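# Commentary on secondary and tertiary structure
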Amino acid sequence: MQLTSPRLRAALLAAASLTLVAAVLPPPKALGIGDPLFPELGNPGYDVLSYDLSFTYKDNLSPLDAVTVIDARAQEPLERINLDFTNGTVASAEVNGEPARFESVAEDLVLTPARPVAAHVPLHIVIRHTSDPRGRSDGGWVVTDDGLAMANQADAAHRVFPCNDHPADKAYFTFRITAPAGLTAVANGVPGALPARSSAAATTWTYRTVHPMATELAQVSVGDSAVVHGTGPHGLPLRDVVPAADRQKLERWLKKTPAHIEWMERRVGPYPFENYGVLIARAKTGFELETQTLSLFEHGLFTEEGYPEWYVESVMVHELAHQWFGDSVTPRAWSDLWLNEGHATWYEALYADGLGKYSLERRMREAYQRSDQWRAAGGPPAAPKPAAPGQKIGLFRPAVYDGAALILYALRQEIGAEAFDRVERSWVGEHRDAIAGTEDFVRLASREAGRDLGEFLKPWLYGNTTPPMPGHPEWSGAKGA
């Protein structure tokens, strides 16, 4: 029988191609880019330029229908394309407009395109899948009282959508979220050019980022939310997302953000993104998170008794500081996490010091007393031990928070406050929207100080014991000072 339908003929030829390719290739395997702490995270061979993510939300216990569109560029010839993805079911995959075979191997989704991809050519990948909020407690979707939010740090974005899940591959994002009428959907970035598209049953909301973003910083929230708009320094648009019923109760906290931004800008320079705000979710996470332009906070931090006002404000500053340190300047590898958390902790502590509630010197002295214990338990700040299997959040230990802030204190003691301020401003200015690591920081600090700081910083970064603190010979370890 002669095939007269061009579409049918093309489909059969594509299927035949896939069968032929599969017959000659070895079995697919999980790959990674060799991160010391997450060896199978990220994927070699391509650079993602953008993600276009569509989610259809029903309720917070049902899988979301989703479409992930990835535009990338092949950096080498590819017979297969590995993506990070788990906790969802794939219905179909396409590469450059043609159907692709797809198989799950460990936490990778492995695509076999109809024909090999040459180096340096564009990749357009379309995956239709579900995104399941059920059954995981170590990242990805967070179930809230009224919907969902995301918490993808450190390695959990691929539990939500197929991606190259490593901070070294930043990309632009577009989000399209469809939710039942009466709910509000928000995401990183700015609303789409067109108004939200509504019907009697559902509304579709669109957002896009203006700056590239790491997958771990993606944020989508759906719930019974109020969106509160304001203006920050230099006309910066502010957008806060809070439970609708608590808008008035939380407003006094939202009004603090403009002053926090001004405080940070005086120390490190202009805010680096298109807007900012806080997302206050009715959920118990045990952490707050610096999702880009829209920091995630637990509701209880602002409503439960026992948290002094100065403490809540300093935590708000911590997540805000991450917009410069960790979001705009993203770590090259997960062992560079100290640059994120150390800096955020530093500015948190500096802010509390300015309020006269918890002096910086006292906090650093107390950290110094505990530093050797932290290093023994979790490794030195720039070479942390891997987290236990199934406990990836265990990477976030005291050594990369106060232990890392202690490195910055030691650096300031060594080179002086003026040179230290130049280091901070140069770091976020020169690496804006880029990735950078520990060696980059040492080189930049050396340049700004006018001398090689490698030998000084090495034991602070990598030593099993804490070096003597410049200017404080009286400080000692756990036995007290």
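Now for a description of the structure that goes with this document. Owing to the predicted nature of the structure, the values given are computational and were not obtained by experimental measurement.

We now examine unusual backbone geometry. Negative phi characterises most residues that are not glycine, and trans characterises most peptide bonds. Residue Ala 154 is bonded to the preceding Gln 153 through a cis peptide linkage, with omega at 5°. Assignment of secondary structure puts Ala 154 in the loop between β10 (148-151) and β11 (172-180). Residue Asn 96 is not a glycine yet carries a positive backbone phi of 50°. In this structure, Asn 96 sits in the loop between β4 (90-95) and β5 (98-99).

Turning our attention to the pattern of salt bridges. In this structure the tally under the stated criterion is 22 salt bridges. The partner of Asp 246 in a salt bridge is Arg 282, and the shortest N-O contact between them spans 2.5 Å. Highlighted residues: Asp 246 in the loop between β18 (237-243) and α2 (247-254) and Arg 282 in the loop between β19 (278-281) and β20 (295-298), separated in sequence by 36 residues. Its relative accessible area of 5% is what places Asp 246 among the buried residues. Three or more residues joined by partner-sharing salt bridges are found here, namely Glu 418, Arg 422, Glu 430, Arg 447 and Glu 448.

It is worth spelling out α2 at this point. In an α-helix, one turn spans 3.6 residues, which is why side chains three or four residues apart end up on the same side. Taken together, the buried positions of α2 are occupied by Leu 250, Trp 253 and Leu 254. Buried residues of α2, viewed axially, fall in a sector of 95°; they line one side.

Take the sheet that holds strand β6 (residues 101-105) next. The three strands lie next to each other as β3-β7-β6, forming an open sheet whose pairing is antiparallel. At either end of the open sheet lies a strand with only one pairing partner, and these are β3 (81-84) and β6. The sheet shows a mean angle of 25° between the axes of neighbouring strands, taken without regard to direction. Looking at chain direction, β3 and strand β7 (residues 108-112) are connected through four bridges and run antiparallel. Within the sheet, the bridge partner assigned to Ile 81 lies in β7 and is Leu 111.

Quick look at the packing of helix α3 (residues 257-268) against helix α5 (residues 309-322) now. Interaxial distance between α3 and α5 falls to 10 Å at its minimum, and their mutual angle equals 55°. If you check the angle between α3 and α5, you find them oblique. When you trace α3 past α5, the crossing you get is right-handed. Across the interface between the two elements, Thr 257, His 260, Ile 261, Trp 263 and Met 264 from α3 touch Glu 313, Met 316, Val 317, Leu 320 and Ala 321 from α5. Residues belonging to the contact of α3 with α5 are distributed by class as follows: seven nonpolar, two polar and one charged.

Ranked by size, the top nonpolar core spans 70 residues in total, and within it Met 264, Phe 302, Trp 338, Trp 346, Tyr 347 and Trp 427 carry the most contacts. The element contributing the most residues to this core is helix α8 (residues 402-415), with nine residues. Beyond its immediate stretch of four places on either side in the chain, Trp 346 contacts Leu 360, Ala 405, Leu 408, Tyr 409, Arg 412 and Phe 420. With 58 residues, the next largest nonpolar core counts Leu 64, Phe 161, Ala 218 and Ala 283 among its residues.

Looking now at the pairing of strand β15 (residues 202-208). Pairing geometry for β11 and β15, over seven bridges, is antiparallel. Note that in β15 the partner of Thr 178 across the bridge is Thr 204. By the bridge criterion, two bridges tie strand β13 (residues 190-191) to β15 in an arrangement that is antiparallel. Within the sheet, the bridge partner assigned to Pro 191 lies in β15 and is Tyr 207. Direction of pairing for strand β14 (residues 197-198) relative to β15: antiparallel, over a ladder of two bridges.

Now for the pairing of strand β16 (residues 220-223). Side-chain alternation along β16 places Val 220 and Val 222 on one buried face and Ser 221 and Gly 223 on a second face that is also buried. One ladder, built from four bridges, connects strand β12 (residues 184-187) with β16; its direction is antiparallel. In the strand pairing of β16, Ala 187 is matched with Val 220.

What follows is about the environment of Pro 28. Along the polypeptide, Pro 28 turns up in the loop between α1 (6-24) and β1 (46-56). Sequence spacing of Pro 28 and Ser 104 is 76 residues, and the spatial spacing of their C-alpha atoms is 8.7 Å. Setting aside anything within four residues of it in sequence, one finds Pro 28 in contact with Arg 80, Glu 103, Val 105 and Val 110.

Parameters at a glance
- Residues numbered from 1 in each chain as written.
- Predicted model: local features only at pLDDT ≥ 70, side-chain atom pairs only at ≥ 80, totals over all residues.
- Heavy atoms only, no water.
- Helix = DSSP H or I, 4+ residues; strand = E, 2+ residues; numbered from the N terminus.
- Salt bridge = Lys/Arg side-chain N within 4 Å of Asp/Glu carboxyl O.
- Buried < 20%, exposed > 50% of the residue type's maximum accessible area, 1.4 Å probe, protein only.
- Arc of directions from axis to C-beta.
- Pairing = 2+ DSSP bridges.
- Axes fitted to C-alpha atoms, helices over the stretch in contact; angles between N-to-C directions.
- Parallel < 35°, antiparallel > 145°, perpendicular 65-115°, else oblique.
- Left-handed = near helix turned anticlockwise from the far one by under 90°.
- Contact = heavy atoms within 4.5 Å.
- Nonpolar A, V, L, I, M, F, W, Y, C, P; charged D, E, K, R; others polar.
- Core = buried A, V, L, I, M, F, W, Y, C linked by side-chain atoms within 4.5 Å.

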